[in-house]
Amino acid sequence: MTDSNSNNKVGVHLLRHDLRIKDNEALLSLCQQCQHVYLLYCHQNSWMEPNEFGHKHLGQHRQIFVDEALVDVAEKAQAANIIPVFIKSEGIEDITKFVRLVDAGYLSYELHFGFNEQQQIAKVKASLPNLQFIEGQSNYLLNLNNLPFEMSDMPNVFSPFRRKIEKRLDVRMPSELAIESTTLQQPKAIDFSETFTLYEPSTKHSDNGYIGGENSAYKRLNDYFFDTDGIAVYKETRNGLDGWDFSSRLSAFLAHGCISPAEIYRLLGEYETHRVKNDSTYWLFFELLWREFFHYQSNKHQAKLFAFGGIQEKPPLSQHNTEKFDSWVNGNTGYKIVDACMKQLATTGFMSNRGRQLVASCFVHELGLDWRWGASYFEQELIDFDVASNYGNWQYLAGVGSDPRGHRQFNLAKQTSTYDPQYKFINSWL
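Throughout this document, residue positions are counted from 1 along each chain, in the order its sequence is written. Residues qualify for local features only when their pLDDT is at least 70, as the model is predicted, and side-chain atom pairs are given and counted only at 80 or more; totals for whole chains, interfaces and linings, by contrast, use all residues. Excluding hydrogens and water, the side-chain values take into account all heavy atoms of the structure.

Visitor: Describe the packing of aromatic side chains, with residues and values.
Guide: In this analysis, rings of Phe, Tyr and Trp, with Trp reduced to its six-membered ring, are considered paired at centre separations within 6.5 Å, and the interplanar angle assigns stacked below 30 degrees, edge-to-face beyond 60, and tilted for intermediate values. If you walk through the whole model with that rule in mind, you get 45 aromatic pairs. Seen from their ring centres, F149 and F161 are 5.9 Å apart, and the 45 degrees between their planes marks the pair as tilted. Remark: F161 occurs in helix α5 (residues 158-167) and F149 occurs in the loop between β5 (132-136) and α5; sequence separation between them is 12 residues. Here F149 matches F161 in class, with each residue buried. For the pair F158 and F286, a centre-to-centre distance of 5.2 Å together with 90 degrees between the ring planes defines the contact as edge-to-face. Remark: F286 occurs in helix α10 (residues 279-301) and F158 occurs in helix α5; sequence separation between them is 128 residues. Using a relative accessible area of 12% as the deciding quantity, one classes F286 as buried. Consider the ring centre and the ring normal. A charge sits over the ring if Lys NZ or Arg CZ is within 6 Å of that centre and within 35 degrees of that normal. Directly above the aromatic system of F133 lies the positively charged group of K125, at a separation of 5.7 Å from the ring centroid. Over the face of the ring belonging to W244 we find R249, whose NZ or CZ atom lies 4.2 Å from the ring centre. By the criteria applied, helices consist of DSSP H or I runs no shorter than four residues and strands consist of E runs no shorter than two, each listed in order from the N terminus. Here's how the labels work: a residue is buried when its accessible area is under 20% of the maximum for its type, exposed when over 50%, partly exposed in between, all with a 1.4 Å probe on protein chains only.

As structure tokens, then:
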């Protein structure tokens, strides 16, 4: 292709944090515009290289989950005559090369407020100025075109953000039209292995209870909502530390886009209509708003999300210490509740919300360490890693983020007596 839009019947969807077919706004729009559609996923080689803190972006737990989700989305795409192509990528030039190879006139993508994700799209647009771009917003709960504030002026604290949002709540409606119903045609056969190194998803499965993919996301949601009514007591159980019953366990599916937040909200509304509406069902919506808040903060503050001084631009009085850091990673700090949580994370890729607060508080306050090292380790290990929520929460605990109090230190002994008084969780991991 010579950037002349010579074939507007061919489209490419750049698959990133939207590993789903249902309620994928950009992909659906592309399918309505084009006759032939490719689904392009770029497994970036840099994800497997250590960063400045010595950690990979993509650890083993999350890679298995993502690979399972890729297999799932590929099967669904093929059922709709969409051709999935997964490549190992060095960077933007591979996306450009792919678009030209298939002679595409359109490229679609789901908006994501991550700093690197926005940089990627900006560079693709610069390299393909004559291509037509389709942007979807289904990674987000709210209608971004009707927020009660400009993004640059949004509150830096959650409570005023929530009040403004709830005063004029405008949740986007998930699409009811199935991509499978569109009349796509198979494009001409191309041997992509001649041009690219293809990425083959692993066939490994973990024993941590997670299975990646859209099917698993809906199964988990239906289990938690309609089969067990777990959502009805979520507010009472959400501070648990282990197991599947105390929490929705939807965060991994949200982080990788196996289900959209609007779909969760829609099914939550069905549950409230047909079963019960209470503080617990509201609390799940409350958590969706926290996710939304951190993503908007990421968009507003950009690279400050990763800066030592945080969005407040006030570097804390802490520093890196290899010995202390290693003791934290390996669960050898001597704080049993922290050590149990860290061993759970290393083994399963999961840690509860309560556990994350405790280990981060210990990291920053008891150990006096540079919060960025902890955030980077979480990025490598967590199945449900979400760049905005992860770094936003770490800044919050480190006193350099969106917390107006600026010093969130938990009494670890008291937290243990409250949430694990019989040492059941501690003994199971230590």
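Visitor: How would you sum up helix α13 (residues 353-366)? Please name residues and give values.
Guide: Take the number of residues in a helix, subtract one, and multiply by 1.5 Å to get its expected span. The terminal C-alpha atoms of α13, which comprises 14 residues, lie 19 Å apart, in line with the 20 Å expected from a rise of 1.5 Å per residue. Burial runs high along α13: 10 of the 14 residues are buried. Within α13 the residues assigned to the buried category are R354, G355, R356, L358, V359, A360, S361, C362, F363 and V364. By definition in these notes, contact holds between two residues if any of their heavy atoms fall within 4.5 Å. Here the buried face of α13 lies against α11 (322-329), α12 (336-348), α14 (371-381), α15 (387-398) and α16 (412-419).

Visitor: So, the packing of α13 against α16: which residues are in play, and what are the values?
Guide: Axis definition: a line fit to C-alpha positions, over the contact stretch in the case of helices; interaxial angles, taken between N-to-C directions, run 0 to 180 degrees. Closest axis-to-axis distance for the α13/α16 pair is 11 Å, and the angle between their directions is 165 degrees. Between α13 and α16, the angle is such that the two are roughly antiparallel. When the axes of α13 and α16 are compared, the crossing they make is left-handed. Between α13 and α16, the residues in contact are R354, L358, C362 and E366 and L412, Q415 and Y419, respectively. In the scheme used here, Gly and all other residues not listed as nonpolar or charged are polar, with Ala, Val, Leu, Ile, Met, Phe, Trp, Tyr, Cys and Pro taken as nonpolar and Asp, Glu, Lys and Arg as charged. Taken together, the residues that form the contact of α13 with α16 break down as four nonpolar, one polar and two charged. An angle counts as roughly parallel when it lies under 35 degrees, as roughly antiparallel when it exceeds 145, as roughly perpendicular when it falls between 65 and 115, and as oblique in every other case. When the near helix sits turned anticlockwise from the far one by under a right angle, the crossing is termed left-handed; a clockwise turn instead gives a right-handed crossing.

Visitor: I'd like to hear about unusual backbone geometry, residue by residue, with values.
Guide: One non-glycine residue, N81, lies in the positive phi region at around 65 degrees. Inspection of the secondary structure puts N81 in the loop between α2 (60-79) and β3 (83-89). Under the relative-accessibility criterion, N81 is labelled partly exposed at 27%. The backbone of Q302 sits at a positive phi, close to 55 degrees, despite the residue not being glycine.

Visitor: A description of the sheet that holds strand β2 (residues 36-44) should follow, citing residues and the corresponding values.
Guide: Strands pair in a sheet through their backbones, by hydrogen bonds, and they do so in one of two ways: parallel or antiparallel. Whether two strands pair comes down to DSSP finding at least two bridges between them. With mixed pairing, six strands are arranged side by side in an open sheet as β5-β4-β1-β2-β3-β6. What marks the edges here is a single partner per strand, and that holds for β5 and β6 (197-198). The pairing of strand β1 (residues 10-15) with strand β4 (residues 106-110) spans four bridges and is classified as parallel. Residue pairing in the sheet places G11 in a bridge with Y106 of β4.

Visitor: Tell me about α16, residues and numbers included.
Guide: For α16, every residue scored as buried is listed here: L412, Q415 and T416. Taken around the axis of α16, the buried residues stretch over an arc of 100 degrees, which confines them to a single face. For α16, the exposed residues set more than 90 degrees away from the buried face come down to A413 and K414. Looking at the buried residues of α16, the elements they touch are α12, α13 and α17 (424-429). Relevant arc is that of directions from the helix axis to the C-beta atoms, nothing else.

Visitor: Any chance you could break down the pattern of salt bridges for me, citing the residues and the numbers?
Guide: Each salt bridge in this description consists of a side-chain nitrogen of Lys or Arg and a carboxyl oxygen of Asp or Glu lying within 4 Å of one another. Applying the stated criterion across every chain, the model contains 12 salt bridges. E166 is the salt-bridge partner of R162, the closest N and O atoms lying 3.1 Å from each other. Note that R162 and E166 are positioned in helix α5 at a spacing of four residues, about one turn of the helix. A relative accessible area of 21% places R162 in the partly exposed class. In this structure, D384 and R356 form a salt bridge, with 2.9 Å as the shortest nitrogen-oxygen distance. Pair noted here: D384 is in the loop between α14 and α15 and R356 is in helix α13, with a separation of 28 residues, a long-range link. Looking at D384, the relative accessible area reads 10%, which means it is buried.

Visitor: Lay out the confidence of the model for the protein chain in plain terms, naming residues and giving numbers.
Guide: Interpretation of the predicted coordinates at a detailed level should be avoided for regions scoring low in pLDDT. On average, the protein chain scores 95 in pLDDT, and the residues at 70 or more come to 98%. Residue-level confidence of the predictor is summarised by pLDDT, bounded by 0 at the bottom and 100 at the top. Here residues 1-6 is modelled with pLDDT under 50, and outside its nearest four sequence neighbours on either side it reaches 15 contacts, counting other chains as well.

Visitor: Account for the nonpolar core, with residues named and values stated.
Guide: Judged by nonpolar contacts, the single largest core of 114 residues is most densely connected at I82, F225, Y296, W328, F378 and W394. Considering each element in turn, this core owes the most residues, 10 residues, to α10. Core analysis: the next-biggest nonpolar cluster, separate from the first, contains 22 residues, L14, L40, L107 and F196 among them. Throughout, nonpolar core names a set of buried Ala, Val, Leu, Ile, Met, Phe, Trp, Tyr and Cys residues whose side chains join them through atoms within 4.5 Å.

Visitor: Let's hear about the packing of α10 against α15: which residues, and what values?
Guide: Packed helices, taken two at a time, are described by their axes: the angle between them and the distance between them. Between α10 and α15, the least distance of the axes is 9 Å, while the angle of their chain directions is 90 degrees. Judged by the angle between their axes, α10 and α15 are roughly perpendicular. Residues W290, R291, F294, H295 and S298 of α10 pack against A388, S389, G392, N393 and Y396 of α15. For the contact of α10 with α15, the residue count by class is four nonpolar, five polar and one charged.

Visitor: Help me get a handle on the pairing of β2, residues and values and all.
Guide: Where burial is concerned, most of β2 is hidden: eight out of the nine residues are buried. Sheet analysis places β1 next to β2, joined by six bridges and oriented parallel. Looking across to β2, one finds that V12 is bridged to Y38. For β2 and β3, the ladder comprises seven bridges, and the chain directions are parallel. In the sheet register, H43 faces β3, and the bridge partner there is K88. By the criterion used throughout, a crossover qualifies as right-handed when its path from the first strand across the helix to the second strand runs clockwise, the strands pointing away from the viewer. Chirality of the crossover, the property in question, places the unit of β2, α2 and β3 among those that are right-handed.

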